[in-house]
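# Structural features, examined
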Amino acid sequence: MSDKWTEIIELINTQDTKTSMKKVIRKKGFTFGWESLPEPSTEVSNNFYKLKNWQAECVNKLENTTDWIINAPTGSGKSFAISCLAAKRLQKDKNLKVIFSVPMKIIGASFANHRIELPNKKRIHFVPAHDLCNSDNLENNCERIVSILKDADHNDIDDRAIICTHATLVRLFKTHKKLLNNVLIVIDEAHHIKNGES
């Protein structure tokens, strides 16, 4: 047993418990922590950010695939990498639209505005024009998405990008499944989705 634990136990066993307990509360039993690894900034200039090495590799490998899962720690830059993938796909395919689906409205902000510098130094300021996480009306949100998906006049990549909640996407899938043919669907926090019949 460590000296600190022995000292704490001795304090508890003394007659004067009020004084002992005050002393115990102030004593540290142990300290747990780790030093964070230094990571260089990815900001290049004017608030544009380049991809980290793992993000660039991810984008290169997944750019032309249709089904993928990105699993990385919280705060590692998954949303940034996904936004880069979506922006590149939208630039290549003028008919493609993208829906970013999040479990809670507050998480929608992680897809709302990215200044991306690609490895070839090309810059994209990607701001999805249709952020439906600011609305409480699921039916209205579904109708807004239907309208966007049916409209062929959306040329700008921002205008072909939608952010909504999982609940809105589920409702859309149940009522307008056929409209989702040429749509890149990004399901953030997919572990929140329940497996079930569609």
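A few points on the structure. (Residues numbered from 1 in each chain as written. Predicted model: local features only at pLDDT ≥ 70, side-chain atom pairs only at ≥ 80, totals over all residues. Heavy atoms only, no water.)

## Things to note about the overall build of the protein
Put simply, the test is: Numbered from the N terminus, helices here are DSSP runs of H or I no shorter than four residues, and strands are runs of E no shorter than two. Only protein chains enter the calculation, and the probe is 1.4 Å; a residue is then buried if its accessible area is under 20% of its type maximum, exposed if over 50%, and partly exposed in between. The contact criterion used is simple: two residues touch if any of their non-hydrogen atoms lie within 4.5 Å. Note on areas: Shrake-Rupley, 1.4 Å probe, and residue coverage restricted to the protein chains presented here.
Scanning the protein for helices and strands turns up 6 helices and 8 strands. Helices and strands appear in the protein in the N-to-C order α-α-β-β-α-α-β-β-β-β-α-β-α-β. Looking at the protein as a whole, 36% of its 198 residues qualify as buried. Put simply, 67% of the contacts in the protein that link residues at least 6 apart link residues at least 24 apart. Roughly 13,300 Å² of accessible area belongs to the protein as shown, and the carbon and sulfur atoms make up 51% of that amount.

## Quick word on the packing of aromatic side chains
Keep this limit in mind: Within 6.5 Å between ring centres, the rings of Phe, Tyr and Trp (the latter by its six-membered ring) count as paired, and their orientation is classed by plane angle as stacked under 30 degrees, edge-to-face over 60, tilted in between.
A full pass over the atoms with the stated rule returns 2 aromatic pairs. Ring centres 4.7 Å apart and planes at 20 degrees place the aromatic pair F100 and F111 in the stacked group. A residue pair is termed long-range when its members are at least 10 positions apart, and F100 in strand β3 (residues 97-102) and F111 in the loop between β3 and β4 (114-117) qualify at 11 residues.

## With respect to the sheet that holds strand β7 (residues 161-165)
The criterion, for reference: DSSP-based pairing: two strands are paired if at least 2 bridges between them are found. All axes here are fitted lines through C-alpha atoms, helices being fitted over the stretch that makes contact, and every angle between N-to-C directions spans 0 to 180 degrees.
Strand order in this open sheet of 4 strands is β6-β7-β3-β8, and the pairing throughout is parallel. The strands lining the two open edges of the sheet, one partner per strand, are β6 (130-131) and β8 (183-187). Bridge analysis of β6 against β7 gives 2 bridges, and the strand direction is parallel. Bridging across to β7, H130 finds its partner in I162. Along the sheet, helix α6 (residues 166-176) contacts β3, β7 and β8; its crossing angle with β7, the most-contacted strand, is approximately 105 degrees.

## Some thoughts on the pattern of salt bridges
Opposite charge on two side chains permits them to pair, given that their charged atoms come into close proximity. What counts, and what does not: In the sections that follow, a salt bridge refers to a side-chain nitrogen of Lys or Arg positioned within 4 Å of a carboxyl oxygen of Asp or Glu.
For the structure on display, the rule yields 5 salt bridges. Between K61 and E57 there is a salt bridge, with its nearest N and O atoms 3.2 Å apart. Of the two residues, K61 and E57 both sit in helix α3 (residues 53-62), 4 residues apart, roughly one turn of that helix. Overall, K61 belongs to the exposed group, its relative accessible area being 58%. Put simply, E63 and K92 hold a salt bridge, and the shortest N to O gap is 3.0 Å. Of this pair, E63 sits in the loop between α3 and α4 (78-92) while K92 sits in helix α4, and the two are 29 residues apart along the sequence. We classify E63 as buried; its relative accessible area is 10%.

## So, α6
For clarity, the cut-off: Think of the arc as the fan of directions from the helix axis to the C-beta atoms.
Of the positions making up α6, those classed as buried are H166, T168, L169 and L172. Viewed along the axis of α6, the buried residues span an arc of 160 degrees, placing them on a single side of the element. Along α6, the residues that are exposed and aim more than 90 degrees away from the buried face are K174 and T175.

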